[in-house]
Every structure is written in structure tokens, then in C-alpha cells.
Amino acid sequence: MNLKKVVTWLVVAFVVFYIIQAPEQSAELVRTAGTALGDAASSLAQFVGSLV
């Protein structure tokens with residue numbers, strides 16, 4: 001087994017463990033990331049729209 005697969009599985013296991021141990025904080029993290037991605041997409045769309 002190569003190192004990349006081992007590290008990938010360790011990261012997946014850590015994420016699952018974190019979600020099980022702290023579901024409220026995990027949900028807040030996802031909400032925050034979603035809001036940030038939405039804001040970035042909106043800003044990019046506004047920028048591209050202003051180029052025309």
C-alpha cells in the first residue's frame with residue numbers, strides 16, 4: 001500500500017471521527033464554507049459581468 005492511500009484513509013477517518021464527536025461544530029463549519037463559496041461565486045460573477 002502506498003503512502004498516499006494511507007494518508008487519504010487517515011484523513012477520511014479523522015473527518016468521520018470529528019463529525020461523530022462534534023456534529024454541531026461540523027455543521028457550522030459546513031455552513032461557513034458554503035457561505036464563503038457562495039460569496040466568492042457571486043463576486044466572480046459580478047466581476048465577469050462588469051467586463052462586458
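Residues numbered from 1 in each chain as written. Predicted model: local features only at pLDDT ≥ 70, side-chain atom pairs only at ≥ 80, totals over all residues. Heavy atoms only, no water.

Draft legend 1. Fine view of the overall build of the protein. Helices and strands together make up the secondary structure of the protein, namely 2 helices and 0 strands. For 52 residues, the compact-globule estimate of 2.2 N^0.38 gives 10 Å, and the C-alpha radius of gyration of the protein, at 17 Å, exceeds that figure by more than 25%. Projected onto the principal axes, the alpha-carbon positions of the protein cover approximately 50 × 30 × 5 Å. When burial is assessed residue by residue, the protein has 4% of its 52 residues classed as buried. (Helix = DSSP H or I, 4+ residues; strand = E, 2+ residues; numbered from the N terminus. Rg over C-alpha atoms; globule rule 2.2 N^0.38 Å. Buried < 20%, exposed > 50% of the residue type's maximum accessible area, 1.4 Å probe, protein only.)

Draft legend 2. Local environment of the side chain of Ser-26. You can see Ser-26 is positioned in helix H2 (residues 23-51). Aside from chain neighbours lying at most four places away, what touches Ser-26 is Tyr-18 and Ile-19. (Contact = heavy atoms within 4.5 Å.)

Draft legend 3. View of the environment of Gly-49. Structurally, Gly-49 can be placed in helix H2. For the pair formed by Gly-49 and Lys-5, sequence separation is 44 residues and the distance between their alpha carbons is 42 Å.

Draft legend 4. Examining the packing of helix H1 (residues 3-21) against H2 more closely. Packing of H1 against H2 leaves a shortest axis separation of 5 Å and a crossing angle of 115°. Relative to H2, H1 is oriented roughly perpendicular. Residues Tyr-18, Ile-19, Ile-20 and Gln-21 of H1 form the contact with H2, whose participating residues are Pro-23, Gln-25 and Ser-26. A breakdown of the residues in the contact of H1 with H2 according to their chemical character gives 4 nonpolar, 3 polar and no charged. (Axes fitted to C-alpha atoms, helices over the stretch in contact; angles between N-to-C directions. Parallel < 35°, antiparallel > 145°, perpendicular 65-115°, else oblique. Nonpolar A, V, L, I, M, F, W, Y, C, P; charged D, E, K, R; others polar.)

Draft legend 5. Examining a nonpolar patch on the surface more closely. On the surface, Leu-3, Val-6, Val-7, Leu-10, Val-11, Phe-14, Val-15, Phe-17, Tyr-18, Ile-19 and Leu-29 cluster together into a nonpolar patch covering about 1,100 Å² of accessible area. In terms of residue count, the dominant contributor to the nonpolar patch is H1 (10 residues). (Patch = residues over 30% accessible without salt bridge, like charges linked within 9 Å, V, L, I, M, F, W, Y side chains within 5 Å. Areas by Shrake-Rupley, 256 points an atom, 1.4 Å probe, with all protein chains shown as cover. Salt bridge = Lys/Arg side-chain N within 4 Å of Asp/Glu carboxyl O.)

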